[in-house]
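# Analysis of the macromolecular model
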Amino acid sequence: MTSMRYGEAVDFALGEAMADDSTVVTWGEDVQLIHYELLSRFGPTRVLDTPISEAAFVYAGVGAAMVGLRPVVEVMLVDFLTAAWCPVVNAASKFHDFSGGRWTIPLVIRARVGGWYADGGQHSQALWGMLASLPSTTVVCPSTPDDAAGLMLSAVQDDGFVVFLEHKLLSERFLDYLGGDSRNTVDFQDVVPAGGAIGDVPVPVEAVPFGSGRIRREGEDLALISVGVGVHRCMEAAAELAAEGVEATVLDLRSVAPLDREMIVEVAKRCGRVVAVDEDYLRGGLTGEIGAILLEEGVECSYDRVAVETTIPLAPNLEHDALPNSSRIVAASRSLLER
Amino acid sequence: MPGPKASDPASTYRMMVRMRLAEDHLVAAWADGLVPGEYHSGIGEEAINAGVVMHLTPGDTVALDHRSTGPMIARGVDPLSLMLEVMGSEEGMNRGRAGHMHLMDPELRMAADGIVGSSGPLAVGNAIALRQLEEGQVAIAFHGEAAMNQGMLMEAYNMAVAWQLPVVFVCKDNRWSITTYSASVTGGNLVDRARSFGLAVETVRGTRHSDVYAAAGKLIRRARAGKGPGLLYATCHRPGGHFEGDPLLRLTNNPITEIGTLANDIRRGLKAPRGSRADVTQGLRELTLRGGRAARDRARGAMRDPVRRFRKQVAHAQAAAIETAEAETMGTAMRTAREMVGIRPVFGKQGGAG
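Remember, predicted model here, so these are calculated numbers, not experimental data. (Residues numbered from 1 in each chain as written. Chains lettered and ligands numbered in written order. Predicted model: local features only at pLDDT ≥ 70, side-chain atom pairs only at ≥ 80, totals over all residues. Heavy atoms only, no water.)

## Section: the environment of His 102 of chain B
We apply this condition: We count a stretch as a helix when DSSP gives it H or I for four or more residues in a row; a strand needs E for two or more, and each element gets its number in order from the N terminus. A simple rule labels every residue: compare its accessible area, found with a 1.4 Å probe on the protein chains alone, to the largest value its type can have, and call it buried under 20%, exposed over 50%, or partly exposed in between. Note on contacts: a residue pair qualifies if any of its non-hydrogen atoms lie within 4.5 Å across the two residues.
Within the secondary structure, His 102 of chain B sits in the loop between helix H4 (79–86) and strand E2 (104–105). Taking relative accessible area as the criterion, His 102 of chain B reaches 11% and is therefore assigned buried. Along the backbone, His 102 of chain B and Ala 112 of chain B are 10 residues apart, and their C-alpha atoms lie at a distance of 4.6 Å. Apart from residues lying up to four places away in sequence, His 102 of chain B is in contact with Gln 122 and His 123 of chain A together with Asn 94, Ala 112, Asp 113 and Gly 114 of chain B.

Now the structure itself:
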């Protein structure tokens, strides 16, 4: 075990994978500067800066994966990945199926997601619901350094199309890239969950399987289910509820696609009350999917959800209200307990 | 405030000073933790912004990129309402929803979009509507040289030419794509590239206002007359880096401490087993080169200040009077904005306006 910060853990796992397999390469906007450690270890052929040409450099990732490389294509923010929606929707997730299973496309897209640091509605989205709607697509969003390393390792080793989403609030590298220490007048300490930003990582890195959730807290009164920073907001809400004598289970899904159906059903049955918490949009997304699973499996439980329902505002107070903050989670939990 | 028809030196200097002061105040507010998220200042672009905006009449549209403060101020947006918006106040021009990357003013028909290259197709759409509904008006798109590698912008050039639209693209070449040196990720020559689309291209040094003004005037008059789209290619500098706190500039400003941090990580990369020595040398070369280029361009930016350069066009006493008056206006706006926003040492939980 080595203590690592979240972003460091992702790069550590990627670095080990690159050392193990010379076909693993990475390219994207400013990767040589953001990941200078990888650059200094593997050189500019395998750590390649791209122009701001998302559609082309993501499509090129599919092309390279077809001819023997295992590219980890980095898009600075998932919001910018929408400029490359076509290769995601029509190629990366499709070509293996089009070939009747004959062609493997081992492509990883690494993109940063999420808000809580007040960067406005075009730089703070999650969008994992849209990505997870695509068949033959794996979408993961780790909430701790060990899962970040383990899921990156699985992503690189997998022969399919994986979208690896790195939460900006947990990624010290990216917060630093955005200005970091150059102003000591801003303190993210109160919003950055300590348990997600730094933690022990097994060395060598242990792969984390896709579609497998992780119980972060045990309780019998209700289940809070989330992914990414939402998990930490659930932990804060659970602590608040515990003070009132209510014990919550917190389930960290880790993967948005595939979902850990078994574990969702298990905690819902056990607790009888479920609050689905999502930093992505409410409509057509993860929270509705969890509700559908509960109905499909005939689980008898009460259900509510907390997710994003508006364009995420820039103003920090408005952003806080728009995101699934712990007060919103506590309120939803109380409403279920009072039913 | 559409600006005078001819580039009257006093009005021009006033416009440039207002832009610079607004930026200086916002950069300071960012450092004080009062601007949430990022801030991309347009310091160094004043001569270009003024040279283009002064030709515009009410009804002309302007699609902006992430350096949108300057053109907004130049065209007459109330500084207080802009500052409040950039600082994330609900009293701001977009009720705290936008921030500097998405400033929107429907009356002035100006909109900023943080997605690189998007100003091109937005301006093409503006131009289609203008041609049909308000002939004689022009659509402007501001973008950087890095955006010229974005597919949608090249697609917009083609549409503008194919449909002979009244649009003028303004490329501000500051040599940097976020924190990547543009030449290292760009094929060919950008001016040739623009010409090959069939655009009428004028090239100028963007630090020289009178050259920008003349070239922009030519392209804008042409577009208004229905003679087709153009591209103004203007070189400039970004002494403030990509955004405030730019990691490359931190490296240049504080080499001792920053290199210490970098060196530890790099040493770890070097010592890590199973890396190739040749790759390592090449990797380090790339990093050193990038740092060196950033330092060089920063020095150039400081030397070739467009506002200071233009000051010589105005009598000293008049320039001083303009500076005093505008310092008072902008200073008052920022003081008021700071009072209205209050102290917000932490974003998220205790953040917010007032």
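## As for the sheet that holds strand E6 (residues 138–140) of chain A
In a beta sheet, neighbouring strands are held together by backbone hydrogen bonds and run either parallel or antiparallel to one another. Residues and elements named next belong to chain A. Going by this rule: Here, any two strands with at least 2 DSSP bridges between them count as paired. Each axis is a line fitted through C-alpha atoms, and for a helix only the stretch in contact is used; angles between axes span 0 to 180 degrees, taken between their N-to-C directions.
Strand order across the open sheet formed by 7 strands is E3-E2-E4-E5-E7-E6-E12, with mixed pairing between neighbours. Edge strands, defined here as strands with exactly one partner in the open sheet, are strand E3 (47–49) and strand E12 (255–257). Pairwise comparison of adjacent strand axes, ignoring direction, gives a mean angle of 20° for this sheet. Bridge count between E6 and strand E7 (residues 162–167): 3 bridges; the pairing is parallel. Its bridge partner being in E7, Thr 138 is matched across the sheet by Val 162.

## Here we look at unusual backbone geometry
With an omega dihedral of 0°, the bond running from Val 203 of chain A to Pro 204 of chain A counts as a cis peptide bond. Examined against the element boundaries, Pro 204 of chain A turns out to sit in the loop between strand E8 (198–201) and strand E9 (214–217). Phi at Arg 254 of chain A is positive, roughly 65°, even though this residue is not glycine. With respect to the helices, strands and loops of the structure, Arg 254 of chain A is situated in the loop between strand E11 (248–252) and E12. Looking at Arg 254 of chain A, the relative accessible area reads 8%, which means it is buried. The phi angle at Ile 178 of chain B is positive, at roughly 55°, despite the residue not being glycine.

## Considering the domain arrangement of chain B
Residue and element names in this part refer to chain B. Applicable threshold: As used throughout, domain bounds are those supplied by an automatic or database domain assignment. The quantity reported as buried area is the accessible area (1.4 Å probe) lost by two parts once they are put together, taken as the sum for both. We count a salt bridge whenever a side-chain nitrogen from Lys or Arg sits within 4 Å of a carboxyl oxygen from Asp or Glu. Definition of a polar contact: a pair of N or O atoms within 3.5 Å, with one able to donate and the other able to accept a hydrogen when the atoms are protein atoms, and with sequence-neighbouring residues admitted only if both atoms are side-chain atoms. Three categories are distinguished: nonpolar for Ala, Val, Leu, Ile, Met, Phe, Trp, Tyr, Cys and Pro, charged for Asp, Glu, Lys and Arg, and polar for the others, with Gly belonging to the last.
Domain annotation for chain B reports domain 1 (9–237 + 305–341) and domain 2 (247–302). On a C-alpha basis, the centres of domain 1 and domain 2 stand 32 Å from each other. Contacts between the two partners involve 8 residues from domain 1 and, on the opposite side, 10 residues from domain 2. On the domain 1 side of the interface with domain 2, the three residues burying the most area are Trp 176, Tyr 181 and His 237, jointly 55% of the side's total. On inspection of domain 1 and its partner domain 2, the count reaches 0 salt bridges. Here domain 1 and domain 2 share 5 residue pairs in polar contact (both at pLDDT 80 or more) between them. When grouped by side-chain class, the residues that make up the side of domain 1 that touches domain 2 number 2 nonpolar, 3 polar and 3 charged.

## Quick notes on the pairing of strand E8 (residues 200–205) of chain B
Here E8 of chain B pairs with strand E9 (residues 230–235) of chain B via 6 bridges, running parallel. In the sheet register, Val 201 of chain B faces E9 of chain B, and the bridge partner there is Leu 231 of chain B.

## Some remarks on the nonpolar core
The following threshold applies: For this analysis, a nonpolar core means a set of buried residues of the types Ala, Val, Leu, Ile, Met, Phe, Trp, Tyr and Cys, connected via side-chain atoms within 4.5 Å.
Within the largest apolar cluster, 115 residues are counted, with the highest numbers of intra-cluster contacts made by Val 58, Leu 81, Leu 107, Trp 128, Leu 165 and Ile 264 of chain A. Top element by residues in this core is helix H1 (residues 6–20) of chain A. It accounts for 8 residues. Setting aside residues up to four positions removed in sequence, Leu 81 of chain A forms contacts with Val 58, Val 75, Val 88, Ile 109 and Leu 131 of chain A. By size, the runner-up hydrophobic cluster in this structure holds 65 residues, among which are Met 83, Leu 84, Ile 140 and Val 307 of chain B.

## Regarding the interface of chain A and chain B
With 54 residues of chain A in contact, the opposing surface of chain B contributes 67 residues. For the pair chain A and chain B, the two sides together bury roughly 5100 Å², of which 56% comes from carbon and sulfur. Broken down residue by residue, the surface that chain A buries against chain B is led by Tyr 36, Ile 52 and Arg 183 of chain A, which jointly contribute 14%. At the boundary of chain A with chain B, the tally comes to 2 salt bridges. The closest approach of N and O atoms between Asp 49 of chain A and Arg 290 of chain B, which form a salt bridge, is 2.2 Å.

## What about the packing of aromatic side chains?
Basically, it comes down to this: By convention, a stacked pair of Phe, Tyr or Trp rings (six-membered ring in the case of Trp) has centres within 6.5 Å and planes under 30 degrees apart, an edge-to-face pair has planes over 60 apart, and any other such pair is tilted.
Under the definition given, this model contains 6 aromatic pairs over all chains. Plain terms: the ring middles of Phe 174 of chain A and Tyr 177 of chain A are 5.7 Å apart, the flat faces sit at 25° to each other, and that makes the pair stacked. Highlighted residues: Phe 174 of chain A and Tyr 177 of chain A, both in helix H10 (residues 172–177), separated by 3 residues, approximately one helical turn. For the residue pair Phe 174 of chain A and Tyr 177 of chain A, the accessibility class agrees, reading buried in each case. Consider the rings of Tyr 157 of chain B and Phe 169 of chain B, whose centres lie 4.8 Å apart with planes at 75°: the pair is edge-to-face. Of the two residues, Tyr 157 of chain B is situated in helix H6 (residues 151–162) and Phe 169 of chain B in strand E5 (residues 167–173); the sequence distance between them amounts to 12 residues. Judged on exposure class, the residue Tyr 157 of chain B and its partner Phe 169 of chain B are both buried.

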